[in-house]
Each structure stands twice: as structure tokens, then as C-alpha cells.
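Residues per chain are reported as follows:
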Amino acid sequence: MAACCSCDQFTQGYWKNHPDWPSPPCGVDYGKFFSSGQTWLEVLQTPPKGGNAYYILAHQYIAAKLNVCNGCWAPCGICTAEELFNKYTPADIGTLKGNDPLRQQFLELAAYLDDYNNRNLNT
């Protein structure tokens, strides 16, 4: 697929290894990641042990949000992810297994944001 935009857009792997993040013009506090008890960078550095869908989505969300702060267009999934992170903690989602509908919602949204972060979506 063609690139979605011409801005500097990067994956979660890039942002994890380059924490010189853009200044947050979009109201982001990099110090606290919702109710996780972790900073944004700590969340990115936390592997999704046992397939914890919270961290799988969080990694893609953080990359997407940083891409937006870097001047890229905002995918519609950002708001949905924020609603989920305001409602659930890593422990809440970490206990879900297999095809649990809530876990699947986290994973589907993560896949969508991964496509965005990899420039596989059109604006």
C-alpha cells in the first residue's frame, strides 16, 4: 500500500528506542500513562507477557499519538483507545484470554493502529 502521509511517521519500535519525543502540543503528559502506574516510556518497554492485550494496544497507541504530535493526521482509533485506557488497567486486561470479546477489541484496535503507524492506511 502507499504511504498515508508525508510527515515523519514511525512505529512503536522506533519510538521506544528514540525517546527524544516531540513536545506535546496535543495535551499529552508523557509522565503518566492513564491508570497503568507507569510512564509512557515504561509502558513501551513492558513486553506484553502472556499476550496482555493492554500492552499490545498501548504500544501501538503510544506510537500513533507520538506520530500525531509529530504532525501526522490522527486516526479515528485514537479516541477509542483512550476510552479503553480510561476504563481498564493492565491487570484488568491481562487476565483475559483467547477470544474474550474485550480482549479481541483491544487486539483489533492495536492491529488498526499498527497499520496506521506503518503507513498502511489512507487519510
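Preceding block: the structure.
Since the structure is predicted, the reported quantities are computational estimates derived from the model, not experimental observations.

### Some remarks on the packing of helix 3 (residues 53–69) against helix 6 (residues 101–117)
Between helix 3 and helix 6, the shortest axis-to-axis distance is 8 Å and the interhelical angle comes to 30°. Read as a crossing pair, helix 3 and helix 6 show a hand that is left-handed. Of helix 6, the residues touching helix 3 (which contributes A53, Y54, I56, L57, Q60, Y61, A63, A64, N67 and V68) are R103, F106, L107, L109, A110, L113, D114, Y116 and N117. For the contact of helix 3 with helix 6, the class distribution of residues is 14 nonpolar, 3 polar and 2 charged.

### Notes on the nonpolar core
Soluble globular proteins tend to pack their nonpolar side chains together in the buried interior. Formed by 36 residues in total, the largest nonpolar core has its most connected members in F33, Y54, L57, Y61, F85 and F106. The contacts of L57, once residues within four sequence positions are left out, are A81, L84, F85, F106, L109, A110 and L113.

### Things to note about the environment of D114
Residue placement: D114 occurs in helix 6. Given a relative accessible area of 30%, D114 falls into the partly exposed group. Sequence separation between D114 and K97 is 17 residues, and the spatial gap between their C-alpha atoms is 21 Å.

The rules behind these values
Residues numbered from 1 in each chain as written. Predicted model: local features only at pLDDT ≥ 70, side-chain atom pairs only at ≥ 80, totals over all residues. Heavy atoms only, no water. Axes fitted to C-alpha atoms, helices over the stretch in contact; angles between N-to-C directions. Helix = DSSP H or I, 4+ residues; strand = E, 2+ residues; numbered from the N terminus. Left-handed = near helix turned anticlockwise from the far one by under 90°. Contact = heavy atoms within 4.5 Å. Nonpolar A, V, L, I, M, F, W, Y, C, P; charged D, E, K, R; others polar. Core = buried A, V, L, I, M, F, W, Y, C linked by side-chain atoms within 4.5 Å. Buried < 20%, exposed > 50% of the residue type's maximum accessible area, 1.4 Å probe, protein only.

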